[in-house]
Amino acid sequence: MSAGLDSFVAAAPWPQRAGLRVLLALARRPRSRALLACVPLAEQAAHSTLALGRYDDPAVARRLGWDAAAVVARGRALRRAEGRP
Amino acid sequence: MKADFCVVGSGAGGAVVAAELAESGASVVVLEQGPGHDADGFTARPPEMLARLYRDGGQTATLGSPPVLLPLGRGLGGTTLVNSGTCFRTPPYVLERWAREFGLEVDEPALAPFFERVERALSVSEVTPELAGANAAIARRGAERLGWSHGYLRRNARGCVGSGVCVFGCPTSAKQHTGITYIPRARAAGARILTGTDVRQVLVAGGRAHGVRARRADGSALEVRAPEVIVACGAIHTPLLLDASRLADGSGQRGRNLSLHPATAAFALMDEVVDMSRGVPQSFYVDEFAADGIMLEGVAGPPAYAAMSLPLTGARHARAMADYRHLAQFGLMVSDRSRGRVRSVAGRPLIRYDLVREDLERFRAGLARLEQLFAAAGAREVYLPLGTGVRPQQASARELRLAAFHPLGTARADARPSHGVTDGDLAMHGVAGVHVADGSVVPSALGVNPQLTIMALATRLAFGLLGRPAPDIPRRSCSQARGADEEAACLS
């Protein structure tokens, strides 16, 4: 799990956090993934969370036209140039 | 520590009250539970920013049918730090309802000077089509072909370049959230701003407030003595603090009447390149169905956000994400009749909220409208937030994937002590010296984004506390008056 996704899961309130960790573990194993598919809400929650992490990867995001580092650098340059907070 | 006014919370309500009071020479202390956030620390990466800028990592959720995700900001600026920046004045028909049903003395001319004051402070202006980006252009094309009423949204932004991550921390500091507007003003006027300070109790003796008791991040205790306490923790946490303080509640309404503006969104696969994260994510609206309680508003974000929100799984999800650059998204928000309740369980909020039949019908109708909007815009495929093969008209409450961003009403204002937690001046019924300045006083769903309403009411509260008349509307603004009522207010 990436550091970003790990901090996201860790920030959840405890009952959800525990549930999410179980769901993520199930979603990563092929056999238990099939089991998860029987509970659409749970499958969607696990899938959404894993997708959040996967597409946050800078290399993956850049292939889709999104460069977070460039957005941040532009913001920083603008703030410095214009004296923004 | 002593002050004339102690303000608990630094979001849309607290920051505004604090700045107005401090700039009038009052001694003010602001206590904020979360940290201050520096824009240098914003990474434009959703998981990290959700964990850092949101309470519970943005994963606060209601219990009920269906569960609703309720992301709330945490830190200086409160939820204004992480909202989309959309600014609507309170619709006139809502004000009429407040006067009729809750006995509140509010109408358009009376509130206009306060709205004007806030809008000037936050540089509120309409998004340009260029800045709105392709995602908005698609919705506009659909709305125009269908002949639906629409427009570009007004936002509190200055020098925006369309970074596309308003809800993950604006990297250019263009969004004028209260953490970079009202809070610095309050500080410059002498207010003491303490972050990492969790207020546990409003202190009351003989039916009158005399301060608050709090705990600092380092575990030390803090007591602020102040004859006036303004509670502005938001609609989820304000009733909890009032409960924890064991303040009188003659109405029995504290924590009840929670409205949320539940929302959902659809995606569409377009032939054209959309690059939804380029431009202002929430920049366009369709209000054709506002009278039915259905508002369509733009929503968008970077790939990680889209991947999390896309209502698909497995290979279909992967295929759609491979076409991310061609994905468009638009949201649907319901002015809800459903009402929930907030209670404290082991010090945490337990939020119960069930969607009533009438609101389910609104979602069914709204999803059908979203599908229609995208079809008219030329979508190749539309992804509704429903199970495979489920049509909007067949959707059950349990099948809806809802989020909500506007909790309101849990300390509602009502002139009658038997019906409201606060009165028309936002003073608590039954306890002297306690006022509330956040979404919890808003007595009904607004049908539009509430930050401007909360800020205008907070400004009005500050003027009331200072015994000052409403501010003048500057001459410059009179020439831009919106409607006959406002023009009359300007001229008078």
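Remember, predicted model here, so these are calculated numbers, not experimental data.

Novice: Run through the overall build of chain B, naming residues and quoting values.
Specialist: A tally of helices and strands in chain B yields 13 helices and 20 strands. In terms of C-alpha radius of gyration, chain B reaches 22 Å, essentially the compact-globule figure of 23 Å for 492 residues. Each principal axis of the C-alpha atoms in chain B carries an extent, and together these give about 65 × 55 × 45 Å. Taking all 492 residues of chain B together, 59% fall into the buried category. Long-range pairs, those at least 24 residues apart, make up 75% of the contacts in chain B between residues at least 6 apart in sequence.

Novice: Any chance you could break down the packing of helix H1 (residues 14-23) of chain B against helix H11 (residues 451-466) of chain B for me, citing the residues and the numbers?
Specialist: Residues and elements named next belong to chain B. Contact geometry of H1 with H11 gives a least axis separation of 8 Å together with a crossing angle of 35°. Judged by the twist between their axes, the crossing of H1 over H11 is right-handed. Counted together, Val16, Val17, Glu20 and Leu21 of H1 and Met455, Ala458, Thr459, Leu461, Ala462, Leu465 and Leu466 of H11 form the full contact between these two elements. Of the residues belonging to the contact of H1 with H11, the class tally is nine nonpolar, one polar and one charged.

Novice: I'd like a description of the nonpolar core, backed by residues and values.
Specialist: Residues and elements named next belong to chain B. Counting residues in each nonpolar core, the largest one holds 172 residues, and the members touching the most others are Cys6, Val8, Val17, Ala18, Val28, Ala186 and Val231. A per-element tally of this core places H11 first, with 10 residues. Taken domain by domain, this core gets at least three of its residues from each of domain 1 (1-37 + 75-122 + 176-254 + 409-492) and domain 2 (49-71 + 126-174 + 258-407). Setting aside its immediate chain neighbours within four residues, Val17 contacts Val7, Ile230, Ala232, Ala437, Ala458, Leu461 and Ala462.

Novice: Talk me through the interface of chain A and chain B; I want residue IDs and the actual numbers.
Specialist: Interface size, as often reported, equals the accessible area lost upon joining of the parts. With 33 residues of chain A at the contact, the number on the chain B side is 36 residues. Among the secondary structure elements, those contributing two or more residues to the side of chain A that touches chain B are helix H1 (3-11), helix H4 (40-54) and helix H6 (68-82) of chain A. The dominant element in the side of chain A that touches chain B, judged by the number of residues it contributes, is H4 of chain A, at nine residues. Residues belonging to the side of chain A that touches chain B are distributed by class as follows: 17 nonpolar, nine polar and seven charged.

Novice: Tell me about the environment of Asp414 of chain B, and please be specific about residues and values.
Specialist: All names here are of chain B. Its place among the elements puts Asp414 in the loop between strand S19 (402-404) and strand S20 (434-436). Sequence separation between Asp414 and His429 is 15 residues; the distance between their C-alpha atoms is 9.3 Å. Contact partners of Asp414, with chain neighbours within four places excluded, come to Phe102, Gly103, His419, Gly420 and Pro443.

Novice: Quick rundown of the sheet that holds strand S8 (residues 197-205) of chain B? Include the residues and the values.
Specialist: Residue and element names in this part refer to chain B. Pairing within the open sheet is antiparallel, and its three strands lie in the order S8-S9-S10. The strands lining the two open edges of the sheet, one partner per strand, are S8 and strand S10 (221-225). On average, adjacent strands in this sheet sit at an angle of 25° to one another, irrespective of strand direction. Sheet topology note: the strand S9 (residues 208-216)/S10 ladder contains five bridges and is antiparallel. Across the sheet, Arg215 pairs through a bridge with Ala221, a residue of S10.

Novice: Report on the confidence of the model for chain B, specifying residues and quantitative values.
Specialist: Per-residue confidence for chain B averages 95 on the pLDDT scale, and 96% of its residues sit at or above 70. Scored as a complex, the prediction yields pTM 0.95 and ipTM 0.97.

Novice: I'd like a description of the sheet that holds strand S11 (residues 228-231) of chain B, backed by residues and values.
Specialist: Strands belonging to one sheet form pairs held by backbone hydrogen bonds; the direction of such a pair is parallel or antiparallel. Residue and element names in this part refer to chain B. A sheet is described by the order of its strands in space; here five strands give the open sequence S7-S2-S1-S11-S20, paired in parallel fashion. Since the sheet does not close on itself, it has two edges, and those belong to strand S7 (192-194) and S20, each with one partner. Strand after strand, the sheet turns through a mean of 20° between neighbouring axes, direction not considered. As paired strands, strand S1 (residues 5-8) and S11 are joined by four bridges and run parallel to one another. Directly across from Val7, in S11, lies its bridge partner Ile230.

Novice: I'd like to hear about the packing of helix H2 (residues 14-28) of chain A against H4 of chain A, residue by residue, with values.
Specialist: Residues and elements named next belong to chain A. Between H2 and H4, whose axes approach to 9 Å, the crossing angle comes to 85°. Viewed along their axes, H2 and H4 adopt a mutual orientation that is roughly perpendicular. Contact residues: Leu20, Leu23, Leu24, Leu26 and Ala27 in H2; Ala42, Ala45, Ala46, His47, Thr49 and Leu50 in H4. Split by residue class, the contact of H2 with H4 holds nine nonpolar, two polar and no charged.

Novice: An account of the pairing of S1 of chain B is requested, with residue identities and associated values reported.
Specialist: All names here are of chain B. With burial as the criterion, each face of S1 is covered, one bearing Phe5 and Val7 and the other bearing Cys6 and Val8. Two elements, S1 and strand S2 (residues 28-31), share four bridges in a ladder whose sense is parallel. For Phe5, the partnering residue across the bridge sits in S2 and is Val28. This β-α-β element, S1 to H1 to S2, shows right-handed connectivity.

Novice: Got a sec to walk through the domain arrangement of chain B? Specific residues and values, please.
Specialist: Residue and element names in this part refer to chain B. Domains assigned within chain B are domain 1 (1-37 + 75-122 + 176-254 + 409-492) and domain 2 (49-71 + 126-174 + 258-407). The centre of domain 1, based on its C-alpha atoms, is set 28 Å off from the matching centre of domain 2. Domain 1 puts 29 residues into the contact, and the matching count from domain 2 is 29 residues. A class-by-class count of the residues in the side of domain 1 that touches domain 2 yields 13 nonpolar, 15 polar and one charged.

Novice: How would you summarise unusual backbone geometry if you had to cite specific residues and measurements?
Specialist: All names here are of chain B. Between Ser65 and Pro66 the backbone carries a cis peptide bond, its omega angle lying at -5°. Looking at the element boundaries, Pro66 is found in the loop between helix H2 (46-53) and strand S3 (68-69). In the Ramachandran plot, Ser123 falls in the positive-phi region, its phi being about 55° despite a non-glycine side chain. Structurally, Ser123 can be placed in the loop between helix H4 (108-121) and strand S4 (124-126). The backbone of Leu426 sits at a positive phi, close to 70°, despite the residue not being glycine.

The rules behind these values
- Residues numbered from 1 in each chain as written.
- Chains lettered and ligands numbered in written order.
- Predicted model: local features only at pLDDT ≥ 70, side-chain atom pairs only at ≥ 80, totals over all residues.
- Helix = DSSP H or I, 4+ residues; strand = E, 2+ residues; numbered from the N terminus.
- Rg over C-alpha atoms; globule rule 2.2 N^0.38 Å.
- Buried ≥ 20, exposed ≤ 12 C-beta atoms within 10 Å, placed from the backbone.
- Contact = placed C-beta atoms within 7 Å.
- Axes fitted to C-alpha atoms, helices over the stretch in contact; angles between N-to-C directions.
- Left-handed = near helix turned anticlockwise from the far one by under 90°.
- Nonpolar A, V, L, I, M, F, W, Y, C, P; charged D, E, K, R; others polar.
- Core = buried A, V, L, I, M, F, W, Y, C linked by C-beta atoms within 7 Å.
- Domains from an automatic or database assignment.
- Pairing = 2+ DSSP bridges.
- pLDDT = per-residue confidence, 0-100.
- Parallel < 35°, antiparallel > 145°, perpendicular 65-115°, else oblique.
- Right-handed = clockwise from strand over helix to strand, strands pointing away.

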